[in-house]
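Fold and contact review
Chain residues, written in single-letter form:
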Amino acid sequence: MEHHRGQWGSNLGFLLATVGAAVGLGNIWAFPYKMGATGGFPFLVVYLILAALIGFPIMISELAIGRKVGRSVLVSYQRLGGRTGAFVGWLAMLSPLLILSFYTVLGAYCIQYVALNFSELIGLAQISHISGAQSFTDMLTNQPMAVLFTLLFIGICFLIIRGGIKDGIEKFNKVGMPALFLMLVVVILRAVTLPGAVEGLKFMFAPNLAPFTSLEGFLKVLSVAGGQMFFSLSLAMGITVTYGSYLSKKEDLVKNSLLIIVSDTLVALMAGMAVLPAAFALGGEGAEMAGPKLLFITLQDVFNAMGPAGPLFGILFYLLVSLAAITSAIALIEVLVTFLVDHTVLKGKTPNRSRIVAAVCFVILVMSALVAADGLGANGLWVPFHQTGLNLSASWLDFMDFISEGIAMPLGALIMSLLVGWKIGPAAIQEEVRLGDSHFSGGLYRFYRICIRFVAPIGMAFILYGQLSAFLSPAG
Ligand code: PHE
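No experiment lies behind these values; they were computed from the predicted model shown. (Residues numbered from 1 in each chain as written. Predicted model: local features only at pLDDT ≥ 70, side-chain atom pairs only at ≥ 80, totals over all residues. Heavy atoms only, no water.)

1. Topic: the site of the ligand
Around the ligand sit 14 residues in total, of which Ala22, Gly26, Asn27, Phe231 and Ser232 are the nearest. One of the backbone N or O atoms of alanine 22 is found 2.9 Å from a nitrogen atom in the ligand. When the free accessible area of the ligand is taken as 320 Å², the share hidden by the protein chains comes to 100%. For the shell around the ligand, the secondary structure elements donating two or more residues are α1 (11-22), α2 (25-37), α9 (215-232) and α13 (310-346). Looking at the shell around the ligand, the element that brings in the most residues is α2, giving 3 residues. Classifying every residue of the shell around the ligand gives 8 nonpolar, 6 polar and no charged. (Near = heavy atom within 4 Å. Polar contact = N/O pair within 3.5 Å; in protein donor to acceptor, adjacent residues only side chain to side chain. Areas by Shrake-Rupley, 256 points an atom, 1.4 Å probe, with all protein chains shown as cover. Helix = DSSP H or I, 4+ residues; strand = E, 2+ residues; numbered from the N terminus. Nonpolar A, V, L, I, M, F, W, Y, C, P; charged D, E, K, R; others polar.)

Dropping the structure here:
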């Protein structure tokens, strides 16, 4: 029996799913702070330039490669790039697996916070009487609960992905992404009208040229913006290749790539306008403005300080973040599922999608349970290289993050850009892109060719270096 791979129902569905994959925790807890701390508005300009010079060429190459071969990320790279391609393909599957081991736990924490705020709303619990810091510690150290919510998070992903590309992932994103956008607008309206909110907006947007005055400072801005851009667009994770492999030949890859990049940046800016004004207005002295502490301590304190409406906004906000995490996690899981489905088909057998999704989710659950039990290091489980005291060994999350975000992803993107630029050839990408409705010749194509051959590899080498030095510095 022939196996039909399936396709997106519409270009809009594909776009929402891909933007959903790109929009995640990084947009909310990393971008706003990095932008504010590293130059404000000028940072945004640097970010956009890097997105155009590195993000765009890699993204359109990934989409074209996926669509050209129409198979999983491993087979796609292998067919076009031989052994080197296979290496890139394996890296692009290792990263999702490792990222999932902690991304699911972080998503589970978001759901726990929805539940906490909901309990507060109906009078079951009283989290507003304790500090955000206390709620966070209580959650981290309650290992059975953390594992249970991780199971719930993975269970939700399982149910969505089991439905397939069009009837599972696309359907969910078509409702989930507009809902996320709407909730974000509501939260922004509340946040910017709080007294003192303008400080947060000033922090994020006001130009701060100090980081640009020395070469060292400028390199730092480049490295922070580059790392963020690359993680935020979910590059070198197999996602774009996988999602592209289900896209119709008639769709416009140039327009799609640009729309994904612009939407992801827009949501990051909007997230900043939702989060920072509130954190500055109500977060209190010395409040943390980034990472898990911003999300689970500072912002919970903000909701606690809002009075009766607090739990409602808490539910809305953590639901929004949970959605952002789910739409990213299902993309990561689909990379592995597509690989196994295609692998089964290539062996001449008929794949059972549900069973494959269940198996992948089970493996992820085993890895995630370890990260959940570790509680971001709060419960002190042994971690490889613990004794080194480096950033990479502070917790199981940091360790998994180091191998994926620190090594596999930037290395994969570096080799991938060299592969496309010099072996597969920009012309092969151009040919695929031009099958669709795209204008991809003349100046735009020349721009692409220069970027994928020279700018992206150099940029990715620099980003790899930046990532390594961040992880290899002392934990703090
Ligand atoms: N891009 C997502 C974010 O900004 C994170 C992510 C990275 C998701 C890689 C999937 C894969 O949070």
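2. A look at the packing of helix α4 (residues 73-121) against helix α14 (residues 353-374)
It is the contact of α4 with α14, at a shortest axis distance of 8 Å, that shows an interaxial angle of 60°. If you check the angle between α4 and α14, you find them oblique. Between α4 and α14 lies a crossing whose hand is right-handed. Here Leu97, Leu98, Leu100, Ser101, Phe102, Thr104, Val105 and Tyr109 of α4 lie close against α14, whose contacting residues are Val363, Ile364, Met367, Ser368, Val371 and Ala372. Tallied by class, residues from the contact of α4 with α14 come to 11 nonpolar, 3 polar and no charged. (Axes fitted to C-alpha atoms, helices over the stretch in contact; angles between N-to-C directions. Parallel < 35°, antiparallel > 145°, perpendicular 65-115°, else oblique. Left-handed = near helix turned anticlockwise from the far one by under 90°. Contact = heavy atoms within 4.5 Å.)

3. With respect to helix α15 (residues 396-424)
Along its length, α15 shows its largest kink, about 30°, at alanine 408, and proline proline 410 lies within four residues downstream of that point. The buried fraction of α15 amounts to 22 of the 29 residues, a majority that puts the element mostly inside the structure. Looking at the residues trailing α15, positive phi occurs at glycine 425, about 95°. (Bend = angle between axes of the 7 residues up to and from the residue. Buried < 20%, exposed > 50% of the residue type's maximum accessible area, 1.4 Å probe, protein only.)

4. Structural notes on the pattern of salt bridges
With the rule as written, the count across this model stands at 9 salt bridges. When the shortest N-O distance is used, the salt bridge between glutamate 432 and arginine 67 registers 2.8 Å. Residue glutamate 432 is located in helix α16 (residues 426-435), and its partner arginine 67 is located in helix α3 (residues 41-69); the two are separated by 365 residues in the primary sequence. Each member of the pair, glutamate 432 as well as arginine 67, is classed as buried. The closest approach of N and O atoms between lysine 174 and glutamate 170, which form a salt bridge, is 3.8 Å. (Salt bridge = Lys/Arg side-chain N within 4 Å of Asp/Glu carboxyl O.)

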